[in-house]
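# Results of the structural survey
Here's the letter readout for the chains.
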2 protein chains.
Amino acid sequence: MDKNSISSHLTENNIKPSYARIKIMEYLLHKKNHPNVDEIYTELVKDIPTLSKTTVYNTLNLFNDAGLVKVITIEENEVRFDADTSEHGHFKCEKCKKIYDFNIEIEGIKVIGLENFKIRQKDIFFKGLCAKCINHINSDN
Amino acid sequence: MDKNSISSHLTENNIKPSYARIKIMEYLLHKKNHPNVDEIYTELVKDIPTLSKTTVYNTLNLFNDAGLVKVITIEENEVRFDADTSEHGHFKCEKCKKIYDFNIEIEGIKVIGLENFKIRQKDIFFKGLCAKCINHINSDN
DNA sequence: ATATTTGCAAATAATTTGCAGTCGA
DNA sequence: TCGACTGCAAATTATTTGCAAATAT
């Protein structure tokens, strides 16, 4: 997605496409990691020296309210963001701390006890060890 | 589970069954809500006037490390605890904020992309509106 | 008596808020 | 110009840490 389409993406959701907002959305869409506020700020302040964390917080809340990003809370004390709002699961490796996306057939899940509930969002979080860490017992973060 | 079996439950997991620890575990097992630190503290300090939040934090971390409780992070900025460590899902109503447990056939879930990964914990969080809130459009928190 | 548990207060960390300055149509 | 956007600093909230006092074996 280029700058123009990001801009329209925001406009379509009633968000004025300011420079900072476009950059933050661009970052979220390009980077496949699931950054937290600090990572977004530290990375983008290189391009936008005047950027403040407040703006990052404001912008992410705005995006979240508009449904443009998903908040990932796979671990306590960590709020992470994902611009891929399609249904998919997240896996966090307890060793290397990396977060992986995975596909899941959510439709097939049989749920008992939520009859007549309106489910708006489904989050699937798994934790464990990723294949890399299992194999080379690697120690590089 | 009575006091004695709670005590053995702790002992079996190499946790010395102090008074505060038994009370906290008892609270978690009895209360079906999924309390956060503050709720646990506020409730138990009535029985144990000398209780401090530090102890609640210490104890819950201890329980968590031993696998006796599960940390629920269904919403950012909220750490909640669940003494039911069997596999089940959590649903949070966005209106009344209540957290419901539900049963789910986790085995049947088809996952693509985690081949050769070792999955240690599976968490399923749904959000939306519960049947009560849909029906009486109730406003009592 | 000796090790563990507890509790206070201070430290740290993440996030929110108030408000003033800045930018763009 | 006007309203929206931004950024600093202060405030708030959750959690952790250091250490001394209390407790238990």
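So, here's what we can say about the structure. Note on numbering: residues in each chain are counted from 1, in written sequence order. To label them, take the chains in the order written and letter them from A, then take the ligands in the order written and number them from 1. Residues qualify for local features only when their pLDDT is at least 70, as the model is predicted, and side-chain atom pairs are given and counted only at 80 or more; totals for whole chains, interfaces and linings, by contrast, use all residues. Side-chain measures here rest on the full set of heavy atoms in the structure, leaving out hydrogens and waters.

## What to know about the protein's contact with DNA strand D
Keep this limit in mind: Put simply, a residue is near a molecule or strand once any heavy atom of it comes within 4 Å of that molecule or strand. Definition of a polar contact: a pair of N or O atoms within 3.5 Å, with one able to donate and the other able to accept a hydrogen when the atoms are protein atoms, and with sequence-neighbouring residues admitted only if both atoms are side-chain atoms. By the criteria applied, helices consist of DSSP H or I runs no shorter than four residues and strands consist of E runs no shorter than two, each listed in order from the N terminus. Only Asp, Glu, Lys and Arg are considered charged, only Ala, Val, Leu, Ile, Met, Phe, Trp, Tyr, Cys and Pro nonpolar, and every remaining residue, Gly among them, polar.
Taken together, 15 residues lie near DNA strand D, and S18, R21, T50 and T55 of chain A together with Y57 of chain B sit nearest. For DNA strand D, the backbone makes up 73% of the atoms found within 4 Å of the protein, where backbone means sugar plus phosphate. S18 of chain A has a polar side-chain atom sitting 2.7 Å from a phosphate oxygen of DNA strand D. At a separation of 3.2 Å, a base nitrogen of DNA strand D approaches a polar side-chain atom of T54 of chain A. When contributions to the surface near DNA strand D are tallied by element, the ones reaching two or more residues are α2 (19-30) and α4 (53-65) of chain A together with α4 (53-65) of chain B. Residues of the surface near DNA strand D, tallied by class, amount to 4 nonpolar, 9 polar and 2 charged.

## Some remarks on the protein's contact with DNA strand C
Near DNA strand C lie 14 residues; those nearest to it are Y57 of chain A together with S18, R21, T50 and T55 of chain B. Close to the protein, within 4 Å, the atoms of DNA strand C belong to sugar or phosphate groups at a rate of 76%. Between L51 of chain B and DNA strand C, the recorded distance is 3.3 Å, taken from a backbone N or O atom to a phosphate oxygen. Contact between DNA strand C and S52 of chain B: a phosphate oxygen at 3.2 Å from a main-chain N or O atom of the residue. Looking at the surface near DNA strand C, the elements with two or more residues in it are α4 of chain A together with α2 (19-30) and α4 of chain B. Tallying contributions element by element places α4 of chain A first for the surface near DNA strand C, with 3 residues. Class assignment for the residues of the surface near DNA strand C results in 4 nonpolar, 8 polar and 2 charged.

In short, shape yes, function no, at least from these values alone.
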